[in-house]
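Report on the structure
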Amino acid sequence: MEIWINPACSKCRGALTLLDAEGADYTVRRYLEDVPGEDEIRAVLDRLGLEPWDITRTQEAAAKELGLKDWPREEGARDRWIAALAAHPKLIQRPIITADDGSALVARTEEAVREALSRSR
């Protein structure tokens, strides 16, 4: 299992604490430093079963500068959203856990982290 984190994020730190407490085997990816490319974002979206606008932090300054709230949320705009996430990784919702069963979750709650754990055992 891999967890995408921003170390400054309290939700990420909480997820790591829970994973450690459960003795989970995981890899940390600091996605602001090791930025995922567009293809990797597409793959994670497929695993999540979500669209790029579903994992976009629209209140970030970069989102406001780009005017994301006015972007269409439709198939034809998908590549534009993905390109924005790759260019501005701070816009990616966190933490994201890719589970060993091929799925992924946005793990902002203890329940979601526990779900990822159950999928990786």
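Scroll up to find the structure this text is about.
Residues numbered from 1 in each chain as written. Predicted model: local features only at pLDDT ≥ 70, side-chain atom pairs only at ≥ 80, totals over all residues. Heavy atoms only, no water.

Concerning the overall build of the protein chain
Within the protein chain one finds five helices and four strands. Ordering the α and β elements of the protein chain from the N terminus gives β-α-β-α-α-α-β-β-α. Taken over C-alpha atoms, the radius of gyration comes to 14 Å for the protein chain, in line with the 14 Å a tight globule of 121 residues would show. Taken along the three principal axes of its C-alpha coordinates, the protein chain extends 40 × 25 × 25 Å. (Helix = DSSP H or I, 4+ residues; strand = E, 2+ residues; numbered from the N terminus. Rg over C-alpha atoms; globule rule 2.2 N^0.38 Å.)

Here's the deal with the packing of helix 2 (residues 38-48) against helix 4 (residues 78-87)
For the pair helix 2 and helix 4, interaxial distance at closest approach is 9 Å and the crossing angle is 115°. Put simply, helix 2 runs roughly perpendicular to helix 4. Along this stretch, helix 2 crosses helix 4, giving a crossing that reads as right-handed. The segment helix 2 lies against helix 4, with Glu38, Ile41, Arg42, Leu45 and Asp46 engaging Arg78, Asp79, Ile82, Ala83, Leu85 and Ala86. Here the contact of helix 2 with helix 4 is composed, by residue class, of six nonpolar, no polar and five charged. (Axes fitted to C-alpha atoms, helices over the stretch in contact; angles between N-to-C directions. Parallel < 35°, antiparallel > 145°, perpendicular 65-115°, else oblique. Left-handed = near helix turned anticlockwise from the far one by under 90°. Contact = heavy atoms within 4.5 Å. Nonpolar A, V, L, I, M, F, W, Y, C, P; charged D, E, K, R; others polar.)

Examining helix 5 (residues 110-119)
Of the positions making up helix 5, those classed as buried are Ala112, Val113, Ala116 and Leu117. Along the axis of helix 5, the buried positions cluster into a sector of 145°, meaning they face one direction only. (Buried < 20%, exposed > 50% of the residue type's maximum accessible area, 1.4 Å probe, protein only. Arc of directions from axis to C-beta.)

Quick word on the pattern of salt bridges
Evaluated as defined, the whole model comprises ten salt bridges. With its nearest N and O atoms 3.2 Å apart, the salt bridge here joins arginine 42 to aspartate 39. Here arginine 42 pairs with aspartate 39, and both are found in helix 2, just three residues apart, close to one helical turn. On the accessibility criterion, arginine 42 (22% relative accessible area) is partly exposed. Since its relative accessible area comes to 61%, aspartate 39 is described here as exposed. Where aspartate 79 meets arginine 42, a salt bridge forms, and the shortest distance between an N and an O atom there is 3.1 Å. Of the two residues, aspartate 79 sits in helix 4 while arginine 42 sits in helix 2, which places them 37 residues apart along the sequence. (Salt bridge = Lys/Arg side-chain N within 4 Å of Asp/Glu carboxyl O.)

Section: the environment of isoleucine 97
Position of isoleucine 97 relative to the elements: it lies in strand 3 (residues 96-98). Accessibility expressed as a relative area gives 0% for isoleucine 97, which makes it buried. Aside from chain neighbours lying at most four places away, what touches isoleucine 97 is Met1, Glu2, Ile3, Leu19, Ser103, Ala104, Leu105, Ala107, Val113 and Ala116.

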